[in-house]
Amino acid sequence: MPNSIQVNLVTKAPSDTKKAAEHSVEMPRFRLYFLHPKFWPTWLLISILYLISWLPYRLQILLGKGLGKLLFKLLPKRVKVARRNLELAYPDYPVAKRETMLRANFANNGIALFETGMAWWWPDWRMKRKLKVEGVEFLDQAEAEGKGVFLILFHFLSLEVHARMFGLVKPSVGLYRPHNNALMEYLQTKGRNRSNKYMIRKKDVRGMLNALNSGEVCGYLPDQDYGRNRSVYVPLFAVPDAATTTGTSLFAAGANCTTLITTIERLPGGKGYKLAIMPPQQPIPSGDETEDARRINKEVERAVSQCPEAYMWVHRRFKTRPDESMPSYYA
C-alpha cells in the first residue's frame with residue numbers, strides 16, 4: 001500500500017457543523033497556576049519525556065523495553081492483574097508461555113510511555129515517515145455516500161500513536177475524559193488534538209450522534225469493563241460472561257454512519273507502524289445490542305491474536321460479574 005497521506009475533508013452543511021461543534025470540549029489554556037510548586041514533579045517528568053521524544057526512534061524503543069522491565073518490578077499489583085487476565089483469556093496456554101507474554105507485555109508498557117511523547121510532540125513529517133496505511137478506501141466510500149464513520153479502536157498500548165497517526169489520515173473526533181491533574185489535562189488535551197479536530201465528553205451521547213450525523217469520523221473504544229450500566233454479558237476469549245458495553249449499538253444504530261474498525265501494529269526493525277482500516281467481519285449494527293456486543297468481542301479477539309503482548313492487559317477487564325453475589329475473577 002502507498003505510504004503517502006492524503007486528507008479529504010467531508011463537506012457538511014454549516015448548520016450541521018455548528019450543531020456538532022457546540023458539543024466540543026474547549027481547549028484548556030496555559031495558566032500561571034501551573035507554575036505552582038505542586039506541579040513541579042509533573043513538570044520534571046514531562047520535561048524528561050519531552051527530551052527523550054527527540055532521541056532516535058530505535059533508541060526510544062530500546063529504552064522503553066528497559067523501562068518496562070523496571071515497571072514489572074515496581075508495579076506488583078498491575079503485574080498481578082495482567083497475569084490473571086492472561087490466565088483467564090488463555091487458560092490452555094502453559095504457565096511458562098503466559099509468563100513470557102506477561103514480561104513482553106510490560107516491555108510494551110514501557111515503550112508506550114515514550115510513544116506518548118512521540119504522539120504529543122513529534123512534527124507531522126516525522127510521524128508520516130513512520131506510517132504505513134491500509135484501507136483508506138473505506139473512509140473514502142463513506143464520504144462519497146455522505147455518511148459519518150463510527151470508528152472502533154481497541155486498547156492497544158500504542159493507542160496514543162494510533163490516534164495521532166489516524167488524524168494524519170483523517171482528522172477525527174474523539175471521546176474525552178478529563179485528567180485529575182490540571183497540568184496533565186492541559187498537556188494531554190493539547191497533545192491529543194494535534195492532528196485531530198476536537199473531543200467530546202465521554203457521556204455526551206447527543207454530541208457524538210450530532211458529530212456522526214454531520215459526517216465526522218468519531219473514535220470509540222468498546223473493549224473495557226465500564227460497569228453494569230448499559231452492559232450485556234457475552235463471551236470474550238475464554239471468559240463466558242464479560243461485561244460489554246451496549247454503547248456500540250447506541251451510536252452505530254443511532255446515526256447516519258458506517259461502522260469501521262482500525263488497528264495499529266508496531267513493525268519490527270524500527271520501521272514504524274502499520275495502521276489498518278477495515279469493516280467488521282459481520283455488519284454492525286445488527287439490530288440486536290447483545291449480538292453487536294458479541295461481534296465486537298470477536299473483533300477484539302481477532303485483533304489481539306495478532307499481537308497479544310501489545311494489548312492493555314493491566315486493566316481489570318473482567319471485574320463486573322452478571323450477579324453481584326458471584327465471586328470476583330480477581331479475588
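These numbers come from a predicted model, not from an experiment. Along each chain, numbering runs from 1 in the same order as the chain's sequence is written. Local features in this predicted model are restricted to residues of pLDDT 70 or higher, and side-chain atom pairs are both shown and tallied only at a pLDDT of 80 or more, whereas totals for entire chains, interfaces and linings draw on every residue. As a convention, hydrogens and water are excluded, and side-chain values are obtained from all of the structure's heavy atoms.

Caption draft 1: Geometry of the pattern of salt bridges. Basic side-chain nitrogens of Lys or Arg form a salt bridge, by our definition, when they fall within 4 Å of a carboxyl oxygen of Asp or Glu. Scanning the model with the defined rule gives 14 salt bridges in all. Of the charged contacts, one joins D124 and R164 as a salt bridge, the two residues approaching to 2.7 Å between their closest N and O atoms. Within this pair, whereas D124 is found in helix α6 (residues 124–129), its partner R164 is found in helix α8 (residues 159–169), the two being separated by 40 residues in sequence. When a residue's accessible area, from a 1.4 Å probe over protein chains only, is under 20% of the maximum for its type it is buried; when over 50% it is exposed; and in between it is partly exposed. Taking relative accessible area as the criterion, D124 reaches 35% and is therefore assigned partly exposed. One salt bridge connects R228 with E324, and the closest N-O pair in it is separated by 3.6 Å. Here R228, found in the loop between β5 (217–220) and β6 (231–236), pairs with E324, found in the segment after α12 (289–306); they are 96 residues apart in sequence, far enough to count as distant. Strands are runs of DSSP state E lasting at least 2 residues, helices are runs of H or I lasting at least 4, and numbering of each runs from the N terminus.

Caption draft 2: Broad picture of helix α3 (residues 57–74). By this rule, a helix spans an expected 1.5 Å times one less than how many residues it contains. The terminal C-alpha atoms of α3 lie 25 Å apart, and with 18 residues this matches the ideal 26 Å at 1.5 Å per residue to within 8%. Those residues of α3 lying buried are Y57, Q60, I61, G64, L67, G68 and F72. Looking down the long axis of α3, one finds its buried residues gathered within 150 degrees of arc, a one-sided arrangement. Those residues of α3 that are exposed and aimed more than 90 degrees away from the buried face are R58, L62, K69 and K73. Arc definition: directions from the helix axis to the C-beta atoms.

Caption draft 3: Region of interest: the UniProt feature "short sequence motif: HXXXXD motif" (unreviewed entry) in the protein. UniProt positions are given in the numbering used here, feature names are shortened, and annotations may be inferred rather than shown by experiment. According to UniProt, the "short sequence motif: HXXXXD motif" (unreviewed entry) feature falls on residues 155–160. Structurally, residues 155–160 comprises 33% helix and 0% strand, and the distance from its first C-alpha atom to its last is 10 Å.

Caption draft 4: Summary view of a positive patch on the surface. Taken together, K65, K69, K73 and R103 make up a surface patch of like positive charges. Ranked by residue count, the leading element in the positive patch is α3, at three residues. Mapped onto the secondary structure, K69 falls in helix α3. Given the relative accessible area of 62%, K69 is considered exposed. Excluding any residue in a salt bridge, patches collect residues exceeding 30% relative accessible area, merging like charges within 9 Å and nonpolar Val, Leu, Ile, Met, Phe, Trp and Tyr side chains within 5 Å. Using the Shrake-Rupley algorithm and a 1.4 Å probe, accessible areas are obtained, with residue cover drawn only from the displayed protein chains. As used throughout, the charge tally considers Lys and Arg to be positive and Asp and Glu to be negative, leaving His and the chain termini uncounted. For this purpose, a charge sits on NZ of Lys, CZ of Arg, CG of Asp or CD of Glu.

Caption draft 5: Representation of a nonpolar patch on the surface in the model. Residues F30, L32 and L35 make up a contiguous nonpolar surface patch of about 340 Å² in total accessible area. Following the sequence through the fold, L32 ends up in the loop between α1 (14–21) and α2 (40–52).

Caption draft 6: Representation of the confidence of the model for the protein. Along the chain, pLDDT gives the predictor's confidence residue by residue, from 0 to 100. Within the protein, residue pLDDT values average 92, and 92% of them lie at 70 or more. We call two residues contacting when some pair of their heavy atoms lies within 4.5 Å. Across residues 1–15, confidence stays below pLDDT 50; counting only partners more than four residues off in sequence or on other chains, it has 31 contacts.

Caption draft 7: Focus on the packing of helix α10 (residues 205–213) against helix α11 (residues 247–254). Interhelical geometry of α10 versus α11 gives an angle of 40 degrees and a closest axis separation of 9 Å. Looking at the two axes, α10 sits oblique to α11. Here the hand of the crossing between α10 and α11 comes out right-handed. Residue-level contacts link V205, M208, L209, L212 and N213 of α10 to L250, F251 and G254 of α11. Partitioning the contact of α10 with α11 into residue classes produces six nonpolar, two polar and no charged. For every element, the axis is a line fit to its C-alpha atoms; helices are fit only across the contacting stretch, and the angle between N-to-C directions ranges from 0 to 180 degrees. In what follows, roughly perpendicular refers to angles from 65 to 115 degrees, roughly parallel to angles under 35, roughly antiparallel to angles over 145, and oblique to any angle outside these ranges. If you view the pair so one helix is near and one far, a crossing is left-handed when the near helix is turned anticlockwise from the far one by less than a right angle, and right-handed when it is turned clockwise. Gly counts as polar in this scheme, as do all residues outside two lists: the nonpolar Ala, Val, Leu, Ile, Met, Phe, Trp, Tyr, Cys and Pro, and the charged Asp, Glu, Lys and Arg.

Caption draft 8: Layout of the state of the cysteines. Criterion for a disulfide: a pair of cysteine sulfur atoms within 2.5 Å. The full count for this structure, using the stated rule, is zero disulfides. Here C218 stays unpaired: no disulfide links it, and the sulfur of C257, its closest cysteine neighbor, is 8.4 Å away. For C218, a relative accessible area of 0% puts it in the buried group.

Caption draft 9: Molecular detail of the UniProt feature "transmembrane region" (unreviewed entry) in the protein. In the numbering used here, UniProt assigns the feature "transmembrane region" (unreviewed entry) to residues 39–57. Summarising residues 39–57: 74% helix, 0% strand, and an end-to-end C-alpha distance of 29 Å.

Caption draft 10: Quick peek at the nonpolar core. Definition of nonpolar core: a set of buried residues of the types Ala, Val, Leu, Ile, Met, Phe, Trp, Tyr and Cys, connected through side-chain atoms within 4.5 Å. Among the nonpolar cores identified, the biggest contains 45 residues, and F150, F237, W313 and F318 are the most heavily contacted of them. The leading source of residues in this core is helix α4 (residues 76–89), at six residues. Once residues within four sequence positions are removed from consideration, F150 is found in contact with M208, L212, C218, Y220, T248, F251, A252, C257, T258, T259 and L260. F39, L131, F166 and Y186 belong to the second-largest nonpolar core, a separate cluster that totals 38 residues.

Caption draft 11: Here's a closer look at the sheet that holds β5. DSSP bridges decide pairing: two strands pair if at least two such bridges lie between them. What the seven strands build is an open sheet, ordered β1-β9-β8-β2-β5-β3-β4; its pairing is mixed. Both outer strands of the open sheet, β1 (131–134) and β4 (198–201), are each paired with one neighbouring strand and no more. Neighbour-to-neighbour, the strand axes of the sheet open up by a mean angle of 30 degrees, direction not taken into account.

Caption draft 12: Seen up close, the environment of C257. Mapped onto the secondary structure, C257 falls in strand β8 (residues 257–267). Judged by relative accessible area, C257 falls into the buried class, the value being 12%. With 108 residues separating them in the primary sequence, C257 and V149 have C-alpha atoms 5.2 Å apart. Setting aside its immediate chain neighbours within four residues, C257 contacts K147, G148, V149, F150, L212, F251 and A252.

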